[in-house]
Each structure stands twice: as C-alpha cells, then as structure tokens.
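# Coordinates in review
In case you want the letters, here they are:
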Amino acid sequence: MSLLERDDLLAQLAAEWTLASASAGRLVFVEGEAGIGKTSLVRAFARSLHREAPVFGGACEALQTPRPLGALRDIAERAGGPLQALLDAGGNRHHVFVAFMELLRARPALVVLEDLHWADEATLDLLRHAGRRIAGTRSLLVGTYRSDELVPAHPLRAVLGDLATAGPVHLRPAPLSPAAVGTLCQGLAVDALEVHLRTGGNPFFVTEVLAAPAAEVPSTVQDAVLARAGRLSLSARAVLDAAAIAGPRVEPSVLEALAAAESAAIEEGLATGVLRVDGGVITFRHELARQAVLRAMAPTRAMSLHRMTLGVLQAKAIAHALPRLALHAEGAGDAEAVRHWAPLAAREAAARGAHLQAAQHWARALAHTEGGAARAQVLDPYAAELRACGLIDAATDARQQAARLWRATGDAKRAIRSSFELAQLQLLSSCPDLARQSLHSARALLAASQEPPGPLGPLGTADAEALEEQRARIDLCEADVLRHTLDFDAAAALAAPVLALAERQGDRALLLDALSTLGGSLMGCGRGDEAVVCLERGLALAEASGADLWAARFLSNLAMGCTWLLRLHEAEDYLRRGTAWCADKDLDAPRLFQLSLRAGLHLLLGRWDEAGTEAQEVIGDPRAMAIARVRAHTALGRLRARRGEAGAREALAEARRLGGDGVGSTLSAHLAEAERAWHEGRADDVAREAAAGLALMQGKARRELVAELLVWRHLSGAAAGVTTADAGVTTPVAGDHPGALEAAGRWQEAASKWRALGCPFETARALTQGDETAQREALAIAEALGARPLAERLRQRLHAAGARGLPRGPRAATRGHPAELTAKEVAVLTLLAAGLRNKEIAARLSRSPRTIDHHLESVFGKLGVATRAEAVSAAFRLGVVVSARDVPLRGPQAPSRR
C-alpha cells in the first residue's frame, strides 16, 4: 500500500534529520494505535536515506518474556564491530551502552527502535541512556510505540517522562480520511464508506479488509486476517501456524525444519503478503495478523508446534535463543525442559540488567518445580531479582519460603543466608522487629551448626570460613537494624570487627558492605570526620572496581550524614556528584533517593520551589523506593505547612503510612507534625508531638533530632528554657548546635549560626524569640520565603506590641485575588484557561514542566479544586480571567514536545 496522507510526517522526519546531522542529535517518537502505519512511515523515511547515511533498526518482540536487548542485537548484527563483540561476549551492560553511543557518534546515522511498548527492561534502560545523550551525536534516534497500550503503570511511561527534558518530537499518524480509503477501494466491488466506517481509517485494517475474498466486508480484523489466510493451500496454512508459534521473528532454517515436507509453501505465504522477509528473518506483515492466527489455533495444535519448535531450536543451537527455549518449553508443557531452560534464560536476562524478565523466567521455573531443595534453589535467585525490580513484598515472600525449605531440608548454610537476606528485605519494608526475628533465627542456626554433629557435619576449614563470613553478614545486618532504630553507637561496635575481618580476608564484597555500615553508623554518632574517611574509602574502592551501585550508595550516605551534621556545603557537593553519577550509570532508584535527600536539603537552604519540584518528581516516579517516597512526602508536607498551603496533612500522613512503625520514621513523623501544629497555632499538639519524639530518643544519638524536638517543645510554651535533662533525654546535645541554642533561649547565637549555615527559615524562627528589631528581620525573611503562617504570626505579634510601619503582607497583585495567588500562579492559571497543556505552559513561561506541575498543585490547593476544568471555572469566577480576550492565543502549531 502506498503511503497516503503521510507527506507532512515524512517532511517532519526529514527536517529532524537535517537538524540532527548538521548539529546536535535528535530524538523522535512515532506513536499511535496498532496498525496506524508507524512502521510503514519510518521505513519509508529510512529508504529515502539509504544512500545518504547508515540506517540501523531493531524491533522489540511481542513475547510474554522478551529477550534482553533484542532490538540492540538486531542493530549489532548490521553494525558489527565492538558493539556486536561486546554483546556476543556478554559484556558489561554499561560498556555495551557506551559502544552503542560510539556507533551514533561515529557519523550521522538513523537508528530506529520499533515497538517500544514490548521492550524489555534492559532495552528501556538503553533508550533512557541514549536519549539523555543523543544531543552529543549527529544521529537521529527514532522510537515507535503503541500509545493505546501504555496503561498508567507501563514502564515505558517512566522512560518517556525521564526523556521529556531532552525535547523529543512526538509524531502521531492520523487515520486515513474517507477520500484516501476511497482511493484504495478503486476498482474493487466494495463500499468505500462502509470500509472506512468498519476500519476507522486504520491503514492495516483497511488493507486486510480489502484483501478478504468475501463479498461482504468482514466485521473484525481477525475475520479479515483469517479470510486472507483461508485462500492459502493447506500446506501454506500449516506454515502460517508454525510461523505464528515460532515467531514473531523466525529464522528461515527454523521454519523450514518445522514445515518439513511443506517447506515449499513458505514461498506461497510470502507471495500472498501474509508473511515477509525482514533483515534475514521471516515475520508476519503485522503482529496483529500473527495474534489472529494464534487465537484461531486449537490448543492441542499449539502445544504440538511448541514441542516441535523447542526441538528444532535445541538441535540447531540458535544463538541467543534462551528466552525462546524457555517459552516453548512452557508452551509444550515440558516441565523438565522448563526447569532446564528457564534458569539459564533468567541468568542471561539478569546479566543484561533485565531484572523483570529474569524474575519472570524464575517464576516460570518455580511453577514447574516441586518442594524441597529444588524449589528453594529457584526461590533464592527469584527473590534476588524481585528485589532488584523493587518488588519488595514479593521478594520477602519468596525469601520466607526459601528459608523454611532450607531449614526443612537441613541445609543450614543456605537457611542462614536466606534468613539474613530476609531480614534485609524486612528492613527495606520498615519492619525492624520482623528483621530482628529473622536474624535471631539465623544466629540460632549458626550456633547449632557449630555444635557437633550439627546440620553441617564435621567442620572443615572451608566450612569454618563460610560460617565466619555468615556471622559477619549477620552482624552487619543487625547493625543496620540498630541504625534503623537510631542506636548508632551499638551499630558501629558491631560493624568495626566485620571491617577488620574483611580486610584480613581480602573480601571486596564484604569490605564494601562493612565500610558502608560503619561509615553510616559513625555519621549517626556525630563522628563526622571518621565517617567521611570511612565512606570516602568505600567510594574510591567502588569506583575503582566498577561497583556502580555501591558508589551511588556511598555518595548517598555521605550526603545524608553531612546533612545531619549540618555540613551542608559538603552535602550539596556529594548530592551533585551522586545525581550525576547515577544519571551517567542509569541507576534510577538511587538517583531518586538522592533527589529525595536533595529536596530536604533545598528545604533547609530556603530553595523552596526546588524542594517542591524534586519532592514531586520522586513521588510521581514508580521506580522510587519506599524510603525515598517517605522523605519526599515529608519534605513536601513540611513545605506546604510552611507556606500555609493545602495538602500538608495528607502528605505527612502518606509519609507515615509508607514509613511503617520504625523508630526513625515515627520520629520523623513527630517532628513534622509538631512543625505543622506550630504553623497552625495548635500549641498543645506541638508540645504533645515533641514530647512523644523525645521519649523515643532515650539513649539515642543524632543530636540534631534531639535539638529540633527541643526547639518545638520550647516554642510550644510547654517548658520555656527546657534543657535536655528536663526533657528526660539522656542523649547529650552539644551546646553549640544552633537548635540547642535556640531551645535554650539563646536566640541571638542560634540565629547567627543558622544564618552562617544559609538556613533562612531556621534563622527567622530563632529571631521570633527576640526583640522588635529581631522580629522585624524575621518578618522580612518570612515574606521573602513565602512562609505565610510565620509572617502572619509575626505581623500579629508586632501589631499587638504597637509596632508601626509593618509590611502589609502579600503583594498588591496577590492580595487582589481572593485565593491569594502569586503573580506566577496567575500566569500559569491564565495559560491553563487558554487550554494549554503543562509542557506548553512551561515553554511559554521558560520554566521546567516540573515547576509548572508544582505551581498548578499550589493553585489547586488555594482554589480548593481537584481538576483542571474546576480551576478554569474558578479563574473566571474570581476574575483572574475576565473574558476570552484575556487568554493568550496559542502560537502556530508545531510538533508537540513533551
């Protein structure tokens, strides 16, 4: 079929190619429903470039569990060189990605990734990696996907969000018009209007309907596809069934082996257009056609073809066929083959970074494995891959099952390991009490193993070393439990001997773990210099050994600890390095955790817009760990409380829910709720929350937490001039901590220290305790920050004391609106009323889309609305927008940029 009504789209692709090849690389997405012509469009454009530049293409496959980096393998087969060598050798994923980028930098090229809605996890990571760096090449990267398959939780959505700042162009092929369908129907005995009505102008559907031999237009696409297949000979139809099962991309030799005596019928399938040759493999003309053939196939016929395909793939030793072997083994109902091939496919996927696909293969093996040691051997790696995917609850359940089975089979070594790894998962779920129980079980097993005869039998040297290593792992995990409950001194005491053991044995993995735990514990103890030395040593080791995830963890620990100790410039530097490191290595979960830390740091340094934007980014990303979400919700709740915005209570409640009942999360909740109560003028609630937090801090380190609790208690008026001893807290608080000074009523010294640290809100808070001059300064700071509740408190206090010449509060522009919208919020709301989307508003106002999201959330809160339509209605009602003439018209339409 000729490309009707696609000239404008081809011209836009040509324009993007011109820009990319002349200066900086470009990213284009072609999106639309199945059959709308995305592939036809891109391939027509690629043909127009075949003499001008190299074209590399790869397609993701409609397999239940796709092969890792399948599309990249297609590209590598054409490109050859280092990329193919690295893939064939199972090279490090980061090195593979770097080789792909070198291919794009070598000379201007067109690279096409088709059907990204079927992409495996590793391919999505490749897209994210390349999309962030495409501007450093002179190549054009084009991705196609079905927009109608992107449900809210689809992983491709997160990638598209990440790449929004790269300025991708989104092209959306439209359905064919009735006139175009009429052109295609010329010379055929069909009603063109009826064809358009039945197909909606979808090009693939139109083609299949017109190919149907029946006089009547088929009612469904499946009917149309099967009608075309019905014209084939019995032999060719058998080939079609085999290709559908073995597909979506079948090597000719495999299909010939499956067809056996009917191999000549392959040509008949190709001649009729049902099948086609693409890059040396045989495919259906469209995946919808393959799916139609599969749905029409009898289950027994499908099982027989799966069994035949499994045998052919094994006999021919097809390269990179492990995922297919696992799938065909399952389809054939061959449990033994599933148990053999699924683990191999899972390990290959994990090595490529496709952890979700690895977990799916382990689940496939698990479904065909009975109880006992064999099942436990599958559960352990299954749990590890689930954890890597962030599916902590499912990973915890798998670890619990494995630990029970290993104990039942008498394998103490594996039972011990499963138990302490279970404890780590329970910590990630903020369940320290359950983690303690799992560690107690591990220690009991360890003790029993050392008593003859013991489950392990007589101990040899190797067994003794293994037990010593397990004891060290248990100690480190228990130290992490103690850190979770803020008992940092005890945690450091447990971690230090493990570090010494790791150094004696030269165990790099144990050494990294011990340095991380000990360094974090020393930070909590307030021993900052020692902690930095320890964590910097771990960071250097991780970077030198290519342990990227560990390096990210050390940078996070350094940033978090320096924030605790008010070494804020150091914390900011570590976060700058950490987010850059994670972006370069495509470590998204650690990057999001660091963004949650940075949101808290921005809040402390008075950069409130940035704090809100980054907190929202973490909250809105499904890849964020629970601990990152807790911090983001807490930062957002405190920010809203300080600004007097709606939603503070809800954000803090969500942080409390996610954080569970652990000491750290409970204490954080008391601190945040004490502050919210103070801003809302509920002094009794401030005192109650502070007292509850102080009770939790008995015997704990983290002097900054004690100091802040004492500040809120002091400001509540419950105990003026309270000291640590008065509060019943045994943990010492250094007298030079600005919070301790503030709580002791030494507001001048406290304000001076907070000012020197660059913390404006805390400076103003301390100044509220001073004389009129100090309070006026505090009011000026609060007004500049937008801390409305604090400003109102100060304004009322000064008025009551007879002060004159005070600022009148919000600016005239803001006071003019009943909802007290700021000038920026009015501008955003006005453009919203014009019908612009968030990204278009961002472009108009030269702001990031995240900032616009934050402004709109503030507008919704102030207006008390929940939808965009309600906000626009309120804008007219309040006079923000008086008539349509106040609304700026959209500019000329251009390809939309997300």
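Residues numbered from 1 in each chain as written. Predicted model: local features only at pLDDT ≥ 70, side-chain atom pairs only at ≥ 80, totals over all residues. Heavy atoms only, no water.

## With respect to the overall build of the protein chain
Defined as follows: The numbering of helices and of strands both runs from the N terminus, where a helix is a DSSP run of H or I of at least 4 residues and a strand a run of E of at least 2. Throughout, radius of gyration means the C-alpha value; the globule benchmark is 2.2 Å times the number of residues raised to the power 0.38. For every residue, the accessible area obtained with a 1.4 Å probe (protein chains only) is divided by the maximum for its type, and the residue is called buried under 20%, exposed over 50%, and partly exposed between those limits. The protein chains shown are the only cover counted for residues, whose accessible areas, like all others here, come from Shrake-Rupley with a 1.4 Å probe. Just so you know, the count uses Lys and Arg for positive and Asp and Glu for negative, and it drops His and the chain ends. Every charge is mapped onto a representative atom, which is NZ of Lys, CZ of Arg, CG of Asp or CD of Glu.
Along the protein chain, the regular secondary structure elements total 46 helices and seven strands. A compact globule built from 898 residues would reach a C-alpha radius of gyration of about 29 Å, and the protein chain, at 32 Å, matches this within 12%. Seen through its C-alpha atoms, the protein chain measures out along the principal axes to roughly 95 × 90 × 45 Å. Relative to its full complement of 898 residues, the protein chain shows a buried share of 55%. For the protein chain, the computed accessible surface area is about 36,700 Å², with 54% contributed by carbon and sulfur atoms. Across the protein chain, 104 positive and 103 negative side-chain charges occur, with their mean positions spaced 3 Å apart.

## What to know about the state of the cysteines
The line we're drawing: By definition, disulfides here are pairs of cysteine sulfur atoms that lie within 2.5 Å.
Applying the stated rule across the entire model yields zero disulfides. Free of any disulfide, Cys525 has its nearest cysteine sulfur in Cys534, 12 Å distant. Counting only cysteine sulfurs, Cys562 is the nearest neighbor of Cys582, a cysteine outside any disulfide, at a range of 17 Å.

## Focus: the packing of aromatic side chains
Keep this limit in mind: Stacked, edge-to-face and tilted labels apply to pairs of Phe, Tyr and Trp rings (six-membered ring for Trp) whose centres lie within 6.5 Å, assigned for plane angles under 30 degrees, over 60, and everything in between, in that order. Here, over-ring charges are defined by two tests on the NZ atom of lysine or the CZ atom of arginine: distance to the ring centre within 6 Å, and angle to the ring normal within 35 degrees.
In the structure shown here, the tally under the stated rule is six aromatic pairs. Residues Trp678 and Trp712 carry aromatic rings whose centres are separated by 5.4 Å and whose planes lie at 55 degrees to one another, so their mutual orientation is tilted. With a gap of 34 residues between them, Trp678 in helix H34 (residues 663-679) and Trp712 in helix H36 (residues 703-715) connect regions that are remote in the sequence. For the pair Trp678 and Trp712, one class covers both residues: buried. Directly above the aromatic system of Trp581 lies the positively charged group of Lys585, at a separation of 4.9 Å from the ring centroid. Taking NZ or CZ as reference, Arg642 lies 4.0 Å from the ring centre of Phe761, over its face.

## Re the sheet that holds strand E2 (residues 55-59)
Condition: Paired strands are those between which DSSP finds at least two bridges. In this analysis an axis means a line fitted to C-alpha atoms, helices contributing only their contacting stretch, and an angle means the value between N-to-C directions, from 0 to 180 degrees. Here a residue-residue contact requires only that any non-hydrogen atoms of the pair lie within 4.5 Å.
Here five strands make up an open sheet; going across it, the order is E2-E3-E4-E1-E5 and the pairing parallel. Each edge of the sheet is formed by a strand with only one pairing partner; in this case those strands are E2 and strand E5 (169-171). Pairs of neighbouring strands in the sheet enclose a mean axial angle of 20 degrees, with direction left out of account. Where helix H1 (residues 7-22) meets the sheet, it contacts strand E1 (26-32), strand E3 (110-114), strand E4 (140-146) and E5, and its direction lies at approximately 160 degrees from that of E1.

## Focus on the environment of Leu10
Mapping Leu10 onto the fold places it in helix H1. For Leu10, a relative accessible area of 22% gives the class partly exposed. For Leu10, the contacting residues outside a window of four places in its chain are Leu3, Leu41, Ala44 and Phe45.

## Brief notes about the pattern of salt bridges
Applicable threshold: Salt bridge criterion: a side-chain nitrogen from Lys or Arg within 4 Å of a carboxyl oxygen from Asp or Glu.
Applying the stated criterion across every chain, the model contains 63 salt bridges. With a closest N to O distance of 3.4 Å, Arg133 and Asp584 form a salt bridge. Of this pair, Arg133 sits in helix H6 (residues 121-133) while Asp584 is found in helix H29 (residues 568-585), placing the two residues 451 residues apart along the sequence. Using a relative accessible area of 16% as the deciding quantity, one classes Arg133 as buried. With its nearest N and O atoms 2.8 Å apart, the salt bridge here joins Glu742 to Arg765. In this pair, Glu742 sits in helix H37 (residues 738-743) while Arg765 sits in helix H39 (residues 760-767), placing the two residues 23 residues apart along the sequence. Under the relative-accessibility criterion, Glu742 is labelled buried at 0%.

## So, the environment of Arg850
Mapping Arg850 onto the fold places it in helix H45 (residues 849-863). A relative accessible area of 30% places Arg850 in the partly exposed class. For the pair formed by Arg850 and Gly802, sequence separation is 48 residues and the distance between their alpha carbons is 43 Å. Those residues in contact with Arg850, other than ones at most four positions away along the chain, are Gly161, Thr613 and Glu617.

## Some details on the nonpolar core
So the rule is basically this: Buried residues of nine kinds, namely Ala, Val, Leu, Ile, Met, Phe, Trp, Tyr and Cys, make up a nonpolar core once their side-chain atoms join them within 4.5 Å.
By size, the foremost hydrophobic cluster in this structure holds 106 residues, and its most contacted members are Met523, Phe554, Trp712 and Leu790. Ranked by residues supplied to this core, first place goes to helix H28 (residues 548-564) with 10 residues. If near-sequence neighbours (up to four positions away) are discounted, Trp712 is found in contact with Arg638, Leu671, Ala674, Glu675, Trp678, Val686, Ala690 and Arg765. Residues Ala259, Ala346, Ala365 and Leu366 belong to the second largest nonpolar core, which totals 77 residues.

## As for the environment of Leu510
If you trace the backbone, Leu510 turns up in helix H26 (residues 508-524). Here the alpha-carbon distance between Leu510 and Val498, two residues 12 residues apart in the chain, equals 8.0 Å. If sequence neighbours within four positions are ignored, Leu510 has contacts with Ala472, Arg473, Leu476, Val498, Leu501 and Ala502.

## Here we look at unusual backbone geometry
That bond from Gly247 to Pro248 is cis: its omega, 15 degrees, falls within 30 degrees of zero. Tracing the backbone shows Pro248 in the loop between helix H12 (234-246) and helix H13 (252-259). Even without glycine at this site, Asp115 takes up a positive phi of about 55 degrees. Mapped onto the fold, Asp115 is located in the loop between E3 and H6. Using a relative accessible area of 16% as the deciding quantity, one classes Asp115 as buried.

## Quick word on the pairing of strand E6 (residues 275-278)
The pairing of E6 with strand E7 (residues 281-284) spans four bridges and is classified as antiparallel. What sits directly across from Asp278, in E7, is Val281. In this antiparallel pair of consecutive strands, E6 and E7, the connection spans two residues, and Gly279 shows a positive phi of 60 degrees.

## Observations concerning the packing of H1 against helix H2 (residues 38-49)
Formally: An angle below 35 degrees is treated as roughly parallel, one above 145 as roughly antiparallel, one from 65 to 115 as roughly perpendicular, and anything else as oblique. Note on convention: the crossing is left-handed when the near helix lies turned anticlockwise from the far helix by less than a right angle, right-handed when the turn is clockwise. Asp, Glu, Lys and Arg are counted as charged, while Ala, Val, Leu, Ile, Met, Phe, Trp, Tyr, Cys and Pro are counted as nonpolar; the rest, among them Gly, fall into the polar class.
The geometry of H1 relative to H2 is characterised by a closest axis approach of 10 Å and an angle of 50 degrees between their N-to-C directions. The orientation of H1 with respect to H2, classified from their angle, is oblique. Crossing of H1 over H2 shows right-handed handedness. The residues of H2 that touch H1, namely those facing Leu9, Leu10, Leu13, Ala14 and Trp17, are Leu41, Ala44, Phe45 and Leu49. Split into classes, the residues belonging to the contact of H1 with H2 amount to nine nonpolar, no polar and no charged.

## Considering the packing of helix H3 (residues 70-79) against helix H4 (residues 81-88)
Interaxial distance between H3 and H4 falls to 8 Å at its minimum, and their mutual angle equals 130 degrees. Relative to H4, the element H3 is oriented oblique. Every pair of crossing elements has a handedness; the one defined by H3 and H4 is left-handed. Of the residues in H4, those in contact with Leu72, Arg73, Ile75, Ala76, Glu77 and Ala79 of H3 are Gly81, Leu83, Gln84 and Leu87. Residue composition of the contact of H3 with H4, grouped by class: six nonpolar, two polar and two charged.

## Section: the confidence of the model for the protein chain
Cut-off, in case you're wondering: One number per residue, pLDDT, summarises how confident the predictor is, and it ranges from 0 to 100.
With 90% of its residues at a pLDDT of at least 70, the protein chain reaches an overall mean of 85. Confidence drops under a pLDDT of 50 for residues 719-732, and excluding neighbours within four residues, the segment shows 30 contacts in the predicted structure.

## Considering helix H19 (residues 355-367)
Threshold: A helix is expected to span 1.5 Å for every residue after the first.
Compared with an ideal rise of 1.5 Å per residue, which puts 13 residues at 18 Å, H19 spans 18 Å between its outermost C-alpha atoms and is within 8% of the ideal. Every buried residue of H19 is listed here: Gln357, Ala358, Ala359, His361, Trp362, Arg364, Ala365 and Leu366. Against H6, helix H17 (322-331), helix H18 (335-351) and helix H20 (373-388) lie the buried residues of H19.

## Considering the pairing of E4
We apply this condition: Handedness rule for crossovers: strands pointing away from the viewer, path from the first strand over the helix to the second running clockwise, crossover right-handed.
For E4, the tally of buried residues reaches seven of seven residues, placing the bulk of the element in the interior. Burial of the side chains of E4 extends over both faces: Leu140, Val142, Thr144 and Arg146 are buried on one face and Leu141, Gly143 and Tyr145 on the other. Two elements, E1 and E4, share seven bridges in a ladder whose sense is parallel. Bridge pairing in E4 links Glu31 to Tyr145. The sheet contact formed by E3 and E4 spans four bridges and is parallel. Across the sheet, residue Leu110 finds its bridge partner in E4, namely Leu140. Running through H6, the crossover from E3 to the neighbouring parallel element E4 is right-handed.

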